[in-house]
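Notes for the structure review
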Amino acid sequence: MRLRHIPGAEEQIGESPYVIQEPREYRGRWAELFGNGNPVRIEVGMGKGRFLMELAAANPGINYVGIEMYSTVLLKAIRKRENLNLPNLWFLRVDARTLADIFGPEEVDRIYLNFSDPWPKDRHAKRRLTSPEFLAVYHKILKYDGVLEFKTDNRELFDYSLESVPAAGWRIQMYTFDLHHSPYAEGNVMTEYEMKFSAEGKPVCKLVADRAKPEESSRTPE
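The following paragraphs examine the structure supplied in this document. Computed from a predicted structure; not experimentally measured.

For the protein, the helix and strand inventory stands at 7 helices and 7 strands. Each helix (α) and strand (β) of the protein, taken in turn from the N terminus, gives the series α-α-β-α-β-α-β-β-α-β-α-β-α-β. In terms of overall dimensions, the protein is globule-like: its C-alpha atoms have a radius of gyration of 17 Å, near the 17 Å expected for 222 residues. Referenced to the eigenvectors of the C-alpha coordinate spread, the extents of the protein come out at roughly 45 × 40 × 35 Å. By the burial criterion, 48% of the 222 residues in the protein qualify as buried. Considering only contacts in the protein between residues 6 or more positions apart, those separated by 24 or more positions represent 77%.

Here it is, written out as structure tokens:
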């Protein structure tokens, strides 16, 4: 889907007090930026930001960083953020492939991937956010007891992820093909897309994974 460009979006993002303009300067120093040692959790491809803003408001003792590479989408999130008092939330406009240059080893407590672009063609598989290439990046920044949470309405992408995640040396703690009708629905925070899909009756898939020794690899369906 082609996004309609908002004139001046890049300039507005560059002037926004809610966007870290030079994030590489804070590699290994995010606690210093937030002014505390609270856990740091990131959403890769945050869209308009509803999910992360709701989490930040409900959990002031956790620090959040929203990552979005598309200026038009990020600007919409910034405009929402302007009406909220969320000192535990920052935004970045970067490509997720550079995250290891922005966060130090074990600096991130949790990674959220919500309704990522499925990149359905095989030749674009490396662009999927659950591809081995991206999982290798997450491996560099996530704490050893941290987790990766992934939600999607795209069954083909989910099936791909059920194979790619353990193949990359991660353990799938849980997964479900219908989140909203599973025990894991309790406490679930929905994104804009998720609200739309839920209203249409479309099932949402979810998995939670961590890094584990090969002998610990397992999956528990629901």
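Here we come to the nonpolar core. Counting 38 residues, the largest nonpolar core has Ile42, Leu99, Phe103, Ile111 and Tyr138 as its most contacted members. Look past the residues within four positions of Leu99 in its chain and what remains in contact with it is Ile42, Val44, Ile67, Val137, Tyr138 and Ile141. Counting residues in each nonpolar core, the second largest holds 19 residues, with Tyr18, Phe51, Ala56 and Ile62 among its members.

A word on the pattern of salt bridges. All chains considered together, the criterion is met by 11 salt bridges. Ionic pairing is found between Asp95 and Arg97, a salt bridge with its closest N-O pair at 2.8 Å. You can call Arg97 exposed: its relative accessible area is 54%. Residue Glu200 is joined to Lys202 by a salt bridge in which the shortest nitrogen-to-oxygen separation is 3.3 Å. Judged by its relative accessible area of 44%, Glu200 is partly exposed. Taking relative accessible area as the criterion, Lys202 reaches 38% and is therefore assigned partly exposed. By sharing partners, the salt bridges in this structure join Arg110, Glu149 and Lys206 into a single network.

This part takes up helix H7 (residues 192–199). One turn of the α-helix equals 3.6 residues, which is why residues spaced by three or four share an orientation. The residue sitting at the N-terminus of H7 and contributing the capping side-chain oxygen is Thr191; that oxygen lies 3.3 Å from the backbone nitrogen of Tyr193. Phi turns positive one or two residues past the end of H7, at Gly201, with a value near 80°.

Backbone-to-backbone hydrogen bonds pair the strands of a sheet. The strands run either parallel or antiparallel. As summarised here, the arrangement of the 7 strands in space is E3-E2-E1-E4-E5-E7-E6, forming an open sheet in which the pairing is mixed. Pairing within the sheet leaves two strands with one partner each, and these edge strands are strand E3 (89–92) and strand E6 (170–176). The mean inter-strand angle of the sheet, taken between neighbouring strand axes irrespective of direction, is 20°. Taken together, the 6 bridges between strand E4 (residues 108–114) and strand E5 (residues 142–152) define a ladder with parallel strand orientation. Within E5, the position partnered with Leu113 by the bridge is Phe150. On top of the sheet, helix H3 (residues 50–58) reaches strand E1 (40–44), strand E2 (63–67), E3, E4 and E5; it is set at about 170° to E2, its chief contact.

Now for unusual backbone geometry. The residue Glu106 is not glycine, and still its phi comes out positive at about 60°. By the secondary structure assignment, Glu106 is in the loop between E3 and E4. Assessed through its relative accessible area of 37%, Glu106 is described here as partly exposed. At Trp119, a position not held by glycine, the phi torsion is positive, near 40°. Structurally, the position occupied by Trp119 is in the loop between E4 and helix H5 (132–141).

Relative to the assigned elements, Ser16 resides in the loop between helix H1 (9–15) and helix H2 (30–34). The residues contacting Ser16, other than those within four sequence positions of it, are Gln21 and Ile78.

What follows concerns the packing of aromatic side chains. According to the stated counting rule, one finds 10 aromatic pairs in the structure shown. Ring geometry for Phe51 versus Tyr112: centroids 5.0 Å apart, planes at 75°, classification edge-to-face. Of this pair, Phe51 sits in helix H3 while Tyr112 sits in strand E4, and the two are 61 residues apart along the sequence. Across the pair, exposure class does not vary: Phe51 and Tyr112 are buried alike. Three or more aromatic residues joined by ring pairs make a cluster, and in this case those are Tyr26, Trp30, Phe34 and Phe103. The ring centre of Trp119 lies 4.7 Å from the NZ or CZ of Arg127, which sits over that ring.

Conventions and cut-offs
- Residues numbered from 1 in each chain as written.
- Predicted model: local features only at pLDDT ≥ 70, side-chain atom pairs only at ≥ 80, totals over all residues.
- Heavy atoms only, no water.
- Helix = DSSP H or I, 4+ residues; strand = E, 2+ residues; numbered from the N terminus.
- Rg over C-alpha atoms; globule rule 2.2 N^0.38 Å.
- Buried < 20%, exposed > 50% of the residue type's maximum accessible area, 1.4 Å probe, protein only.
- Contact = heavy atoms within 4.5 Å.
- Core = buried A, V, L, I, M, F, W, Y, C linked by side-chain atoms within 4.5 Å.
- Salt bridge = Lys/Arg side-chain N within 4 Å of Asp/Glu carboxyl O.
- Polar contact = N/O pair within 3.5 Å; in protein donor to acceptor, adjacent residues only side chain to side chain.
- Pairing = 2+ DSSP bridges.
- Axes fitted to C-alpha atoms, helices over the stretch in contact; angles between N-to-C directions.
- Phe/Tyr/Trp six-rings, centres within 6.5 Å; stacked < 30°, edge-to-face > 60°.
- Lys NZ or Arg CZ within 6 Å of the ring centre and 35° of its normal.

Everything listed is a geometric property; what it means functionally is a separate question.
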